[in-house]
Amino acid sequence: MFTDVHQHIWPPALVELLRSRTAPPHLDGWTLHLAGEPPYRVDAADHDIAARTRLAADDGLDLALVSLSSPLGIEHLPPAEAAPLLAAFHDGALALPAPFAVWASCCLPAPDPDAVERELRRGCVGLQLPATALLDAAGWARCAPLLDVLTRHDKPLLVHPGAAPPAAGTPPWWPALVPYVQQMHTSWFAFRTFGRTRHPRLRVCFAALAGLAPLHGERLAARGGGRGKIDFDVFYDTSSYGTRAVDALVRDVGIDVVVSGSDRPYAPLVIPDLGADAAVHALRTANPARLLHGRTPTVPHTGRSRERSHS
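First, a word on scope: everything that follows refers to the structure included in this document. (Residues numbered from 1 in each chain as written. Predicted model: local features only at pLDDT ≥ 70, side-chain atom pairs only at ≥ 80, totals over all residues. Heavy atoms only, no water.)

## Digging into the sheet that holds strand E1 (residues 3-7)
Two strands in a sheet stick together by hydrogen bonds in their backbones, pointing the same way (parallel) or opposite ways (antiparallel).
Argument step 1. Strand order in the open sheet formed by 8 strands is E1-E5-E6-E7-E8-E9-E10-E11, and the pairing between neighbours is parallel. One side of each edge strand has no neighbouring strand; the edge strands of this open sheet are E1 and strand E11 (258-259). (Pairing = 2+ DSSP bridges. Helix = DSSP H or I, 4+ residues; strand = E, 2+ residues; numbered from the N terminus.)

Shown next as structure tokens:
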């Protein structure tokens, strides 16, 4: 089973609600307006369900996990504004045809564990949270009741970049390369420092290779932060990265915790060339299955990765 753990689709009802709004986030036709950002022209085909279903088939996918686009900022809206948008996303995404499945989202100003549990019971594979909600001890503590629901249901967490208005004078790619990466980097270190002790059984997937945070292990050790063993319940999706970055991360944390994620429609699906069919099987099949369902005796761990330190 080939799996892509990281895609985005806006269901039609969500599009219509975004068009009905007068404050960001809102759509004017297919022009997206976000707080502090210039208008962005959205390609309607990116959210055409039939076209995306064909694209998933062309990619050879048996399972594609879609989530709300956290940079929209919906999770941070007041509850009265967030609720209809979240409902439209969940209802529409859960109704998508195969091969799509859904990460749940939630309103962060008023975290509601019961709402998360309801979406999991409806069929969501786990919960997505924006990295901006998980940058420090206070963020992980605030989200702890939501994460307890995931642990109770044996479901994973996806940490995704959040809203990032560009700095004045920066090029269009700036948010994806600077604040997004910083968010992922910081949230990974915050989980390592504050989150794991509170949630010892939680499976977590960091989008975009966690901003390559694990590669700073040598500096962490030099500064007194230690290294420790690999956490086999912390995963890294490959979205927007290719062979060089994925190979570097594999050398540090091993192949067993890297999963294939594309971030479609914002980036194409890339299959890193790691020199072996077994590596592709790990990224696209074995590791995503373990992220979603936990460890099983049938999923091997390579001796090499077991012996390496966790950065």
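That covers the picture; the talk isn't over yet.
## Describing the packing of aromatic side chains
Pairs of aromatic rings are described using the distance from one ring centre to the other and the angle between the two planes.
Argument step 1. Scanning the entire structure with this criterion turns up 4 aromatic pairs.
Argument step 2. An aromatic cluster is defined as three or more aromatic residues linked by ring pairs; in this entry it consists of Trp140, Phe191 and Phe206.
Argument step 3. A cation sits over an aromatic face here: Arg19 above Trp30, 4.7 Å from the ring centre.
Argument step 4. Residue placement shows Arg284 over the ring face of Phe2; its charged tip is 4.1 Å from the ring centre. (Phe/Tyr/Trp six-rings, centres within 6.5 Å; stacked < 30°, edge-to-face > 60°. Lys NZ or Arg CZ within 6 Å of the ring centre and 35° of its normal.)

## Brief notes about unusual backbone geometry
Argument step 1. In this chain, Pro24 is followed by Pro25 through a cis amide linkage whose omega measures -5°.
Argument step 2. Summarising the element assignment, Pro25 is placed in the loop between helix H1 (12-20) and strand E2 (26-28).
Argument step 3. Here the bond from Arg264 into Pro265 is cis, since omega is 10°, no more than 30 degrees from zero.
Argument step 4. Positionally, Pro265 belongs in the loop between E11 and helix H10 (277-293).
Argument step 5. Even without a glycine there, the phi angle at Asp154 is positive, about 60°.

## Some words on H10
Argument step 1. When the terminal C-alpha atoms of H10 are compared, their 23 Å separation across 17 residues agrees well with the 24 Å that a helix rising 1.5 Å per residue should span.
Argument step 2. Maximal helix bending in H10 amounts to about 40°, located at Leu283.
Argument step 3. Inspection of H10 places Ala279, Ala282, Leu283, Arg284, Thr285, Ala286, Asn287, Pro288, Arg290, Leu291 and Leu292 among the buried residues, and these make up the whole buried set.
Argument step 4. Against the buried residues of H10 lie E1, strand E5 (63-66), strand E9 (204-206), strand E10 (234-237), helix H9 (243-253) and E11.
Argument step 5. Taken from the residues just after H10, Gly294 is the one with a positive phi, measuring 90°. (Expected span 1.5 Å × (residues − 1). Bend = angle between axes of the 7 residues up to and from the residue. Buried < 20%, exposed > 50% of the residue type's maximum accessible area, 1.4 Å probe, protein only. Contact = heavy atoms within 4.5 Å.)

## Some points on the environment of Ala110
Argument step 1. Mapped onto the elements, Ala110 comes out in the loop between strand E6 (100-104) and helix H4 (113-122).
Argument step 2. For Ala110, a relative accessible area of 36% translates into the label partly exposed.
Argument step 3. Discounting residues that sit within four places of it in the chain, Ala110 has contacts with Pro79 and Arg142.

## Describing the sheet that holds E2
Argument step 1. In space, the 3 strands of this open sheet follow the order E2-E3-E4, with antiparallel pairing throughout. Both outer strands of the open sheet, E2 and strand E4 (40-41), are each paired with one neighbouring strand and no more.
Argument step 2. Note that E2 and strand E3 (residues 31-33) share 3 bridges and pair antiparallel. Counterpart to Asp28 in the pairing with E3 is Thr31.

## Let's talk about the nonpolar core
Argument step 1. Leu14, Leu129, Leu157, Phe206 and Tyr236 are the most contacted members of the largest nonpolar core, which has 74 residues in total.
Argument step 2. Setting aside chain neighbours within four positions, we find Phe206 in contact with Val159, Met184, Ser187, Trp188, Phe191, Val234, Phe235, Tyr236 and Asp237.
Argument step 3. Counting residues in hydrophobic clusters, the runner-up holds 12 residues, among them Leu65, Leu158, Cys205 and Leu292. (Core = buried A, V, L, I, M, F, W, Y, C linked by side-chain atoms within 4.5 Å.)

## A few points about the pairing of E6
Every other side chain in a regular strand lies on the same face of the sheet, so the side chains alternate between the two faces.
Argument step 1. The buried fraction of E6 amounts to 5 of the 5 residues, a majority that puts the element mostly inside the structure.
Argument step 2. Residues of E6 alternate between two faces, with Phe100, Val102 and Ala104 on one and Ala101 and Trp103 on the opposite face, all of them buried.
Argument step 3. Two elements, E5 and E6, share 3 bridges in a ladder whose sense is parallel. Counterpart to Ala64 in the pairing with E6 is Phe100.
Argument step 4. Pairing analysis gives 2 bridges linking E6 to strand E7 (residues 126-130), with the strands arranged parallel. Within the sheet, the bridge partner assigned to Ala104 lies in E7 and is Leu127.
Argument step 5. For the segment spanning E6, H4 and E7, crossover handedness is right-handed. (Right-handed = clockwise from strand over helix to strand, strands pointing away.)

## Here we look at the pattern of salt bridges
Argument step 1. This model, assessed by the stated rule, comprises 11 salt bridges.
Argument step 2. One salt bridge in this structure joins Arg21 and Glu81, with 3.0 Å as the shortest N-O distance. Of the two residues, Arg21 sits in the loop between H1 and E2 while Glu81 sits in helix H3 (residues 79-94), which places them 60 residues apart along the sequence.
Argument step 3. Here Arg203 and Asp154 are joined by a salt bridge, their closest N and O atoms 2.6 Å apart. With a gap of 49 residues between them, Arg203 in the loop between helix H7 (179-198) and E9 and Asp154 in the loop between helix H5 (137-153) and strand E8 (157-160) connect regions that are remote in the sequence.
Argument step 4. Overall, Arg203 belongs to the buried group, its relative accessible area being 4%.
Argument step 5. For Asp154, a relative accessible area of 40% translates into the label partly exposed. (Salt bridge = Lys/Arg side-chain N within 4 Å of Asp/Glu carboxyl O.)

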